[in-house]
Amino acid sequence: MTVEPTGPGPAEPGVVAELRRLLVEVTGEDEGWAARVAKESRLEGDLRLESVEWAALADRLAERYGGRVDLAAYLADLDIHQIIGLTVGDLAGYIGSRLPAPSPPARTRRRAGRTAPDTGCCTGPLCRSSLVHAHETGACPVAGDSMIETSGLRKSFQVGKGRKGVTVEAVRGVDLSVAEGEIFGFLGPNGAGKTTTLRMLSTLLLPDGGEATIAGADLRTDPAGVRKRVGYVAQGGGTWDEVTAEEELVLQARMHGFSKAEAKRRAAALLGAFDLAGYADRRCKTYSGGQRRRVDIALGVIHSPKVLFLDEPTAGLDPQSRAHMWEEVRRLRAEGMTVFITTHYLEEADVLCDRIAIIDHGEIVAEGTPDALKREISGDVLAVTLNGSTSRAAELLSALPLVNKLEAVEEAGLWLYVDSGATAIPQVLRVLEGSGVEMDAIELHRPSLDDVFLTKTGRSLRDK
Ligand SMILES: Nc1ncnc2c1ncn2[C@@H]1O[C@H](COP(=O)(O)OP(=O)(O)O)[C@@H](O)[C@H]1O
Ligand SMILES: [Mg+2]
């Protein structure tokens, strides 16, 4: 049975609190455990439900919410790795979707009247959600070309209770368009909203607003269709310590409904393709970081999805394993898959991705091919590190005609945007000499994606 969200439910925090209370009862743990879990949840995303007695929880939910909330049916629609990765927030989102929807706030009602005239040109959210059809402005990719389209995707989390409670706007109106066969990079610092976006696009988290279509399936009205078409590899991976890669793969294929023989065939093919055949019967806990990450990705593609979501697939890997992983991703693309990859590594976005979107504080700040984004920043950047006196140096240097733009950066430095670094350096040195300003270093940078990030946000992404 397929259970699909039926619309927004009551305020999520209330449901979350209720769910936590039920969990305390079901697990027999005390309030201290719940408090610890709540604390961890801020670090980890949310409480993972891996150790929960599902049957007991299902009984309690049925008791509490009646037939409207059917945990067994909800779980039946997920694969084993999605179940392992489930959080209280996910479950609360599902429960909310099964409860009667509150009447929409006035703003939503007004917007509802602003739908575009139906010319039948495109059913994508970009066209449907705007007054001017996006295809008329060239913003809507031609049908069949687009694998992911999102429009105004939003998600907030409520952290803390009462007066101390704050709302974290994790994703604030994200519009994306990803073409078939692209390796699309989602680049941003920690906490930018990458994982939250990915979890929404792979149906693990219900959006607060906005729309999305993935491989032609609508996220809101056809989440089961989305799940069939996408593979999702979570940031922390999903393999169990005690099982072998082959067992994992066969189990995953069976969860997707393949016969035993087909599951074995697929597992064997992927073990070969991901260079894992030599370790197939070793337990996952014995693998290196790179090997284990390759098992994660093999699990994500066992059902031959059209779109693969990879959340920070190379985080923590050594440079060699990272390069190996890039090769795997390129191979998947060559086989026709569209790959959406999040990363906070500038080089990864630059070298691996055909196109990228840069996200910061839940909003897209730049989008395009890495080259085009860098070209937008013409000229060179001189990074001047100072020993104090930053404001005096800024005053002197901004008066130089060859300095197009000057920005103060963290750690007592200035970034000077100039047409030619080679010409500018002697002049900069001349101006600072004898001015009383102490300079520690001056470095010439060709524009990088970090410069793009810096230009858009005023901060450096490096080392974040
Ligand atoms: N379940 C949650 N509860 C509360 N806050 C959350 C939750 N998940 C994410 N956040 C917050 O949302 C923001 C975006 O997080 P995330 O999407 O994980 O960022 P990224 O993947 O880019 O590092 C962060 O401020 C994070 O603390
Ligand atoms: Mg993340």
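Placed above this text is the structure.
Residues numbered from 1 in each chain as written. Chains lettered and ligands numbered in written order. Predicted model: local features only at pLDDT ≥ 70, side-chain atom pairs only at ≥ 80, totals over all residues.

Engineer: Which residues make up the overall build of the chain, and what values do they have?
Structural biologist: Counting its secondary structure elements, the chain contains 19 helices and 14 strands. Burial analysis of the chain (464 residues in total) assigns 38% to the buried set. (Helix = DSSP H or I, 4+ residues; strand = E, 2+ residues; numbered from the N terminus. Buried ≥ 20, exposed ≤ 12 C-beta atoms within 10 Å, placed from the backbone.)

Engineer: Requested: an account of the nonpolar core, with residues and values cited.
Structural biologist: Ranked by size, the top nonpolar core spans 73 residues in total, and within it Ile214, Leu249, Ala298, Phe309, Val339 and Phe340 carry the most contacts. Per element, the largest residue contribution to this core is five residues, and it comes from strand E2 (residues 166-179). If near-sequence neighbours (up to four positions away) are discounted, Phe309 is found in contact with Leu198, Leu201, Ser202, Val230, Gly231, Tyr232, Val233 and Phe340. Membership of the second largest hydrophobic core comes to 15 residues, among which are Val381, Val384, Leu386 and Leu416. (Core = buried A, V, L, I, M, F, W, Y, C linked by C-beta atoms within 7 Å. Contact = placed C-beta atoms within 7 Å.)

Engineer: Report on the sheet that holds strand E6 (residues 230-233), specifying residues and quantitative values.
Structural biologist: With respect to topology, six strands assemble into an open sheet ordered E6-E7-E8-E3-E9-E10, the strand pairing being mixed. Only two strands of the sheet have a single neighbouring strand rather than two, namely E6 and strand E10 (363-368). Recorded for the sheet is a direction-independent mean angle of 15 degrees between the axes of neighbouring strands. Of the strand pairs in this sheet, strand E7 (residues 307-311) and strand E8 (residues 338-343) are connected by five bridges, and their pairing is parallel. Bridged to Val307 within E8 is Thr338. Against the sheet, helix H9 (residues 194-201) makes contact with strand E3 (183-187), E7, E8 and strand E9 (355-360), and its axis sits at roughly 150 degrees relative to E7, the strand it touches most. (Pairing = 2+ DSSP bridges. Axes fitted to C-alpha atoms, helices over the stretch in contact; angles between N-to-C directions.)

Engineer: I'd like a rundown of the sheet that holds strand E12 (residues 403-409), residues and numbers included.
Structural biologist: A sheet is described by the order of its strands in space; here four strands give the open sequence E12-E13-E11-E14, paired in antiparallel fashion. Since the sheet does not close on itself, it has two edges, and those belong to E12 and strand E14 (439-445), each with one partner. Between one strand axis and the next, the sheet turns by 20 degrees as a mean value, whatever way the strands run. Pairing of E12 with strand E13 (residues 413-418) involves six bridges; the strand directions are antiparallel. Counterpart to Glu407 in the pairing with E13 is Trp415. The sheet strands contacting helix H17 (residues 390-398) are strand E11 (380-386), E12 and E13, and the helix crosses E12 at an angle near 170 degrees.

Engineer: I'd like to hear about the packing of helix H13 (residues 289-300) against helix H14 (residues 319-334), residue by residue, with values.
Structural biologist: Interhelical geometry of H13 versus H14 gives an angle of 20 degrees and a closest axis separation of 10 Å. With respect to H14, the axis of H13 lies roughly parallel. Viewed along their axes, H13 and H14 form a crossing whose handedness is right-handed. Side by side, H13 and H14 meet where Gly289, Gly290, Arg293, Arg294 and Ile297 of the first sit next to Ser321, His324, Met325 and Glu328 of the second. Among the residues making up the contact of H13 with H14, the classes are represented as two nonpolar, four polar and three charged. (Parallel < 35°, antiparallel > 145°, perpendicular 65-115°, else oblique. Left-handed = near helix turned anticlockwise from the far one by under 90°. Nonpolar A, V, L, I, M, F, W, Y, C, P; charged D, E, K, R; others polar.)

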